[in-house]
Structure formats: C-alpha cells, structure tokens
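Residues per chain, in single letters:
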Amino acid sequence: MKEETRRATRDYSLLSSTPWGIWNTLYSRRSLRRFEPTVVPDDFAVAFERFIEKATSIRNAPSNSIFPVLDEVKVSSISRAAQKGLGNKLNVWLPRTHPAGFLVMRTSKGDRNSERPRELPFVSMAGEDCILWLTENGYGTCWLGAINAEAVSRILGLGEAVDIPLMIVFGKPEEKVRTVSYDKFTLRTLSRKRKPLREIAFLEDMSNHFVPVDFPERAFESAEKQDIESLLESMDSGSKYNAPLSLLLEACFEAARISPSAANFQQSRFVGISSLDGLENVQEACKTDEKLDAAIVACGKGGRFDERMYERPFWMIDVPIAISHITLVAASMRIRVAVYIESIDESSLKKQIAAQDNLRVAGVVGFMFE
Ligand SMILES: Cc1cc2nc3c(=O)[nH]c(=O)nc-3n(C[C@H](O)[C@H](O)[C@H](O)COP(=O)(O)O)c2cc1C
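Owing to the predicted nature of the structure, the values given are computational and were not obtained by experimental measurement.

K.L.:
Help me understand the site of the ligand in this model?
P.N.:
Contacts to the ligand come from 20 residues, most closely from S31, G145, R192, P260 and N264. Contributing elements (two or more residues each) for the shell around the ligand: β4 (140-144) and α12 (315-332). A per-class count over the shell around the ligand returns ten nonpolar, six polar and four charged. Here the shell around the ligand gathers at least three residues from each of two domains, domain 1 (35-177) and domain 2 (192-368).

Printed below as a string of structure tokens:
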C-alpha cells in the first residue's frame with residue numbers, strides 16, 4: 001500500500017531556541033490554481049525584479065533567464081496560449097482564472113533535450129526561490145511544465161533561438177484558499193500527500209534508509225534572519241554551526257520531501273554523506289578543493305514516461321527545486337553551503353551511492369561547518 005502523508009515529519013519549530021521561521025514559508029507553499037483579480041503594486045513589482053535578479057545571480061542561472069510578465073493583456077494572452085496543444089490540456093484552468101502575472105524561464109533552444117542540461121537546473125533553483133519569496137509575500141503560485149513554449153514565445157517575441165521550458169503562474173489566492181496562514185494547522189499539513197522521509201532519504205548509500213532519531217527541544221539556535229532573501233544571501237557565509245549533524249541532514253531531507261515535483265511524482269532521492277571516505281570521494285567527484293563536512297547527493301529518475309510525454313527532463317527540474325529548499329534550510333541553520341551540478345563525475349557518485357541504472361545524479365550539496 002502506498003503510504004503517503006500530509007503531515008510534517010515533526011514540529012521543527014520546537015528544536016530551535018530561536019524562531020526557525022523558514023518552515024512557515026516551506027509548509028505554506030502549495031500549488032494554487034485559483035486566483036482573484038488583482039493588480040500588482042508598482043513598489044512590489046520593483047522589489048520582485050530585484051529579487052529575481054539576485055536569485056538568478058546567486059544560483060548561477062544565466063542573467064535575464066527569468067523574467068516577469070505583469071502586463072494585463074499579455075498575461076491573458078499567455079493564459080490562453082500556454083494551454084494550446086493536446087499535451088497541455090492539463091492547464092485548461094489557466095484562462096478560467098485571474099493570474100497577476102507569469103514568471104517566464106528562458107533557456108537556449110536544445111538545452112532541455114541535451115544529455116545533461118546546463119541551464120535548466122540553475123533556472124529551476126532560482127525559480128523555486130522566487131516561488132518561496134512570492135509565498136512569503138502572500139501570493140499563490142504554481143509551476144507550469146505542460147505549456148506550449150512556441151505559442152508563448154511568439155507572444156513575447158523571443159525569437160527562434162530561445163526556449164521556454166517552464167513558467168510559474170502567480171496571483172492573489174482566492175479568499176477560501178489563501179496560502180499564507182501561520183496557524184498550527186497549516187504548518188502541519190501539506191496540500192499534497194508526500195512519501196515518508198525513509199522512502200526518499202538514505203545515508204551513505206541507497207541500501208541504508210534514513211531513520212529519524214529523537215532530539216531534545218531547543219537543540220540548536222537557528223539563524224537570526226529567516227526570510228528567503230536573507231537566507232539566499234547568507235548561503236556562502238554561515239556562522240558557528242551548533243546543531244547535531246543528524247538534525248541538519250533530517251531538516252534538509254524534510255525540506256526536499258515537501259518540495260513540489262511535476263505531477264507530485266516524487267521521484268527524487270537524497271543520500272546524506274558524512275563518513276570520511278565518502279566525503280573524500282564526493283570532493284573528488286565534485287572536483288572541489290573545499291573540505292566538506294557533510295554532503296547530500298541528489299538524484300532523480302531519468303527517462304520517465306512524463307519526461308517523454310512533456311519533453312522535459314524532470315530529474316533536472318524537480319531535483320534542483322529540492323536543492324533550493326535544502327540550501328535555504330541549511331542557511332537557516334547557519335551552515336555554509338555549496339552546490340555542485342555542472343562538472344560532477346556522475347558515474348563515480350552513482351557507484352558510491354549504489355544507485356540503480358535509471359537514476360541520474362542532478363547535483364550535490366556540500367556543507368561546511370565553520
Ligand atoms: C516542474 C513542475 C511542473 C509542473 N507543471 C504543472 C502544470 O503544468 N500544471 C499544473 O497544474 N501543475 C503543475 N505542477 C504542480 C504540481 O502538480 C504540484 O507541485 C504537485 O502536485 C505537488 O503539489 P503542491 O505543489 O501543492 O505541494 C508542476 C510542478 C513542477 C515542480
């Protein structure tokens with residue numbers, strides 16, 4: 001029997017002696033598909049553009065690879081065009097609601113069909129940062145993968161060399177489905193069911209399922225600032241690490257577990273590495289001189305049915321989305337993090353974690369304790 005749950009693995013807020021606010025944002029986010037008519041205020045649009053620029057730069061996505069569309073006429077044309085074509089009928093709801101705008105992801109044509117996409121993972125990470133920032137600011141969001149890229153591109157006049165692998169729709173949540181609610185109930189529930197931690201998380205290799213252990217209340221002190229922008233900015237600095245390693249790994253696994261995935265397929269898997277031999281191999285495979293104190297190898301299933309149907313390599317989208325969550329939670333625990341995606345030795349990492357053939361390693365998150 002499929003054992004899935006809407007519940008949080010535990011109440012993480014009890015484990016920090018200071019407010020561990022990122023969980024409010026992570027648990028409040030859910031995909032929304034019904035929006036009330038609204039106009040985005042000018043000062044919000046300016047702040048949003050600034051955040052997008054920051055997220056793309058910190059995540060190493062090509063500059064201008066994510067841009068907002070807020071113009072009312074364009075928004076309604078895109079709503080109609082995006083769901084054209086048989087494969088995109090999943091999104092017939094789009095023209096029936098009132099989005100405030102779209103975030104458009106723009107990559108080079110051919111990137112998503114290459115053996116190992118080079119732009120898509122970075123754009124996906126930054127896109128999820130934007131989703132969390134919008135959540136924090138009271139907007140509802142939904143990733144869109146089943147879209148007619150050509151039709152949208154024509155509306156935006158982007159030209160032949162450009163692809164639109166993904167968009168994010170956002171808007172003011174309809175009153176009865178408002179997203180950001182900080183009450184305990186919302187905190188503990190998820191809009192979609194998820195597999196339990198032990199099914200998606202492992203230690204050292206994939207034969208060893210992760211099992212949560214008990215922690216005392218107030219086991220550590222989380223970072224002072226918990227908003228997405230501050231966390232993004234602090235990812236490569238960190239300060240004195242004061243949580244048990246097992247809590248760091250569990251919090252990162254939980255953040256990955258509740259991240260959105262296409263059709264909620266949840267095909268991403270995460271392997272925590274903390275043994276000396278294991279870390280040595282990871283460092284070598286990531287070609288880094290950085291001394292890692294722990295790492296998470298993040299993988300997804302390649303060659304899936306939905307990948308062929310929607311012509312999108314979801315392992316290089318869903319896993320980077322989860323990596324966005326992992327790195328933000330690590331930063332919320334005052335940990336310095338680095339992400340390795342581009343030049344990793346994938347076959348060495350697969351061998352190390354004993355991954356099945358159809359798993360692809362999308363990236364590695366390295367943790368450094370100061
Ligand atoms: C890469 C990606 C593509 C998605 N594409 C669509 C889409 O085209 N239409 C849609 O309604 N939802 C889409 N979703 C939303 C997922 O269905 C949703 O994230 C999943 O069911 C989990 O629910 P939650 O986000 O509420 O936690 C997409 C999600 C991701 C991550």
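K.L.:
It is not clear to me how the domain arrangement of the protein chain should be interpreted in this structure. Could you clarify?
P.N.:
Quite often, the size of an interface is put as the accessible area lost when its parts meet. For the protein chain, the assigned domains read domain 1 (35-177) and domain 2 (192-368). Summarising the inter-unit geometry, the C-alpha centres of domain 1 and domain 2 are found 25 Å apart. Listing elements by their share of the side of domain 1 that touches domain 2, those giving two or more residues are α2 (42-58), α4 (120-136) and β5 (162-173). No other element matches α4, which puts nine residues into the side of domain 1 that touches domain 2. A class-by-class count of the residues in the side of domain 1 that touches domain 2 yields 13 nonpolar, three polar and six charged.

K.L.:
Looking at this model, I keep getting lost on the packing of α2 against α4. Mind explaining?
P.N.:
Helix-helix packing is described using two parameters, namely the angle between the two axes and the distance between the axes. Between α2 and α4, the shortest axis-to-axis distance is 9 Å and the interhelical angle comes to 145°. The chirality of how α2 crosses α4 is right-handed. Along the contact surface, α2 presents F51, I52, A55 and T56, while α4 presents A126, D129, C130 and W133. Looking at side-chain class alone, the contact of α2 with α4 contains six nonpolar, one polar and one charged residues.

Rules and cut-offs
Within each chain, residues carry numbers counting from 1 in the order of the written sequence. Side-chain atom pairs in this predicted model are given and counted only at pLDDT of 80 or more, local residue features only at pLDDT of at least 70, and totals for whole chains, interfaces and linings cover all residues. Nearness between a residue and a molecule or strand is assessed with a C-beta atom placed from the backbone; a distance within 6 Å qualifies. Numbering of helices and strands runs from the N terminus; a helix is a DSSP stretch of H or I covering at least four residues, while a strand is a stretch of E covering at least two. All residues other than Ala, Val, Leu, Ile, Met, Phe, Trp, Tyr, Cys, Pro, Asp, Glu, Lys and Arg, Gly among them, are scored as polar; the first ten of these are nonpolar and the last four charged. In this entry, domain limits derive from an automatic or database-based domain assignment. In this description, a line fitted to the C-alpha atoms serves as the axis of each element, helices being fitted only across the stretch in contact, and the angle between N-to-C directions of two axes falls anywhere from 0 to 180 degrees. Should the near helix be turned anticlockwise from the far one by less than a right angle, the crossing is termed left-handed; should it be turned clockwise, right-handed. By definition, residues are in contact whenever their C-beta atoms, placed on the basis of the backbone, come within 7 Å of each other.

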